[in-house]
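Understanding the architecture of this molecule
What follows is each chain in one-letter form.
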Amino acid sequence: MTKEEELQRESNFIMLIRRLIIGAFIILGIVLIKTNLVNIPWAFIVWLIFWLLTTFPFEIALKKIKEQKSIENANFLYFVLECLFLTIGIHYIGGISWWGGIFYSITIIFAHFMLPRKKATNLTLIAVFIFFNGLVMLEFFNIIPHFSSFGTKPHNDILYVASTLFMTDFFLMFLAGVLGVFSSALKKKKKEIELAMDQTEEEKMVLEVKVNARTRETRDFANELENKVSERTANLEKRIKELEKFSHLTKGREEKLVELEKEAERIKTSLYSTKRV
C-alpha cells in the first residue's frame with residue numbers, strides 16, 4: 001500500500017468518526033430542545049445537519065486526489081472550514097459563556113493524526129486565536145449578539161472573559177502540544193516499523209534470489225549427474241555386450257578344443273594299436 005492510499009484510508013476513517021460525532025451532537029441537541037433543559041435554537045440543529053452534509057462532497061473530492069501533499073492540503077482546508085462551523089455553533093449555543101471552546105479539541109485531535117505536526121500546530125493557532133478568541137471579542141464588544149443557553153450572560157464580564165480565554169486557550173494549546181508529541185512519536189514508530197518491514201522484504205527478496213540460485217545449481221548438478229549416469233550406463237551396457245560376445249566366442253573355442261582333444265586321443269589310441277600289431 002502506498003503512502004497516498006494509506007492517507008486516503010485514514011481520511012475515510014476520520015470522516016466516519018466525524019460523522020458519528022456530528023450525528024451524536026444532532027441527537028443530543030434535539031433531546032435538549034425537546035426537554036427544554038437548555039435554550040438552544042433550532043438553527044443550531046440545522047447548522048449541524050449542514051455540517052454533516054458537507055462531509056460527503058469533501059469525501060468524494062478527496063478520493064480524486066492522488067498526491068500526498070495535495071491530500072494533506074485538502075484535509076487542512078477542511079479542518080479550517082470545520083473550525084468555522086464549530087465557531088458558528090459555539091456562538092449559537094452561547095459557548096463563550098462556558099467551556100464551549102473545548103469542542104475545538106475534536107478537530108485538533110483529528111488534525112494531529114491526519115496532518116504533519118507543523119500544519120496541525122498552525123490549525124490549532126487558527127482555531128484558538130482567530131476563531132474562538134475572535135468570537136469572544138466580537139461578543140464582548142457587542143459587535144455580534146450573544147446567545148445564552150443557561151440564562152446568564154457573563155460574556156461582558158472582563159474577568160470572566162479573561163479567565164475563559166486563558167483556560168480555554170491553555171487547554172487547547174496544551175492538548176495540541178501533547179498530541180503533537182504523541183503523534184510525532186507514533187509516526188516515528190510507524191516509520192521504524194515500515195523501515196523494518198522494508199528491510200524484511202528486501203531480505204526476503206535476497207533470500208529468494210539465493211534459494212533460486214541454489215535451486216538452479218542443484219538442478220544443474222542433478223542434470224549433470226543424470227547425464228553422467230546415463231553415459232556410464234551406456235558404456236556399461238556396451239561393455240556387457242562386448243563381454244557377452246567374447247564369452248560366446250570363447251565358449252565356441254572351448255568346444256572345438258574339447259573336440260580336438262578327443263580327436264587327438266582317438267588318433268593316439270589308433271596309432272598305439274597299429275604298433276602292437
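Notes on the structure follow. On a predicted model such as this, the values are computed, not experimentally measured, just so you know. (Residues numbered from 1 in each chain as written. Predicted model: local features only at pLDDT ≥ 70, side-chain atom pairs only at ≥ 80, totals over all residues. Heavy atoms only, no water.)

Re the overall build of the protein chain
For the protein chain, the helix and strand inventory stands at six helices and zero strands. Order of helices (α) and strands (β) in the protein chain, N terminus to C terminus: α-α-α-α-α-α. Sorting the 277 residues of the protein chain into buried and exposed places 31% on the buried side. Here the protein chain has roughly 18900 Å² of accessible surface; of this, 66% comes from carbon and sulfur atoms. (Helix = DSSP H or I, 4+ residues; strand = E, 2+ residues; numbered from the N terminus. Buried < 20%, exposed > 50% of the residue type's maximum accessible area, 1.4 Å probe, protein only. Areas by Shrake-Rupley, 256 points an atom, 1.4 Å probe, with all protein chains shown as cover.)

Considering the environment of Ile 130
By the element assignment, Ile 130 lies in helix α5 (residues 117–140). As for Ile 130 and Cys 83, which are separated by 47 residues in sequence, their C-alpha atoms are 9.9 Å apart. Apart from residues no more than four positions distant in its own chain, Ile 130 is found in contact with Leu 125 and Leu 135. (Contact = heavy atoms within 4.5 Å.)

Concerning the packing of aromatic side chains
This model, assessed by the stated rule, comprises seven aromatic pairs. Relative to Phe 132, the ring of Tyr 104 lies with its centre 6.0 Å away and its plane at 75 degrees, an arrangement referred to as edge-to-face. In this pair, Tyr 104 sits in helix α4 (residues 104–114) while Phe 132 sits in helix α5, placing the two residues 28 residues apart along the sequence. A residue is classified by how much of its surface remains accessible, and Tyr 104, at 0% relative accessible area, is buried. Residue placement shows Arg 19 over the ring face of Phe 56; its charged tip is 4.1 Å from the ring centre. (Phe/Tyr/Trp six-rings, centres within 6.5 Å; stacked < 30°, edge-to-face > 60°. Lys NZ or Arg CZ within 6 Å of the ring centre and 35° of its normal.)

Considering the pattern of salt bridges
A side chain of one charge can pair with a side chain of the opposite charge if their charged atoms are brought near each other. In total, this model carries four salt bridges according to the counting rule given. Arg 19 is the partner of Glu 59 in a salt bridge, and the nearest nitrogen-oxygen pair spans 2.5 Å. On the criterion of sequence distance, the pair formed by Glu 59 in helix α2 (residues 42–63) and Arg 19 in helix α1 (residues 3–35) is long-range, its members being 40 residues apart. In terms of burial, Glu 59 and Arg 19 fall into one category: buried. (Salt bridge = Lys/Arg side-chain N within 4 Å of Asp/Glu carboxyl O.)

A short note on the nonpolar core
Judged by nonpolar contacts, the single largest core of 43 residues is most densely connected at Phe 44, Leu 48, Trp 51, Phe 79, Tyr 104 and Leu 115. Of all the elements in the fold, those that place two or more residues in this core are α1, α2, α3 (68–92), α4, α5 and α6 (158–276). (Core = buried A, V, L, I, M, F, W, Y, C linked by side-chain atoms within 4.5 Å.)

Describing α5
The end-to-end C-alpha distance of α5, which contains 24 residues, comes to 33 Å, matching closely the 34 Å that a straight helix rising 1.5 Å per residue would cover. Among the residues trailing α5, Asn 142 stands out with phi positive, at a value near 60 degrees. (Expected span 1.5 Å × (residues − 1).)

Everything listed here is a matter of coordinates, which is why it stays silent on function.
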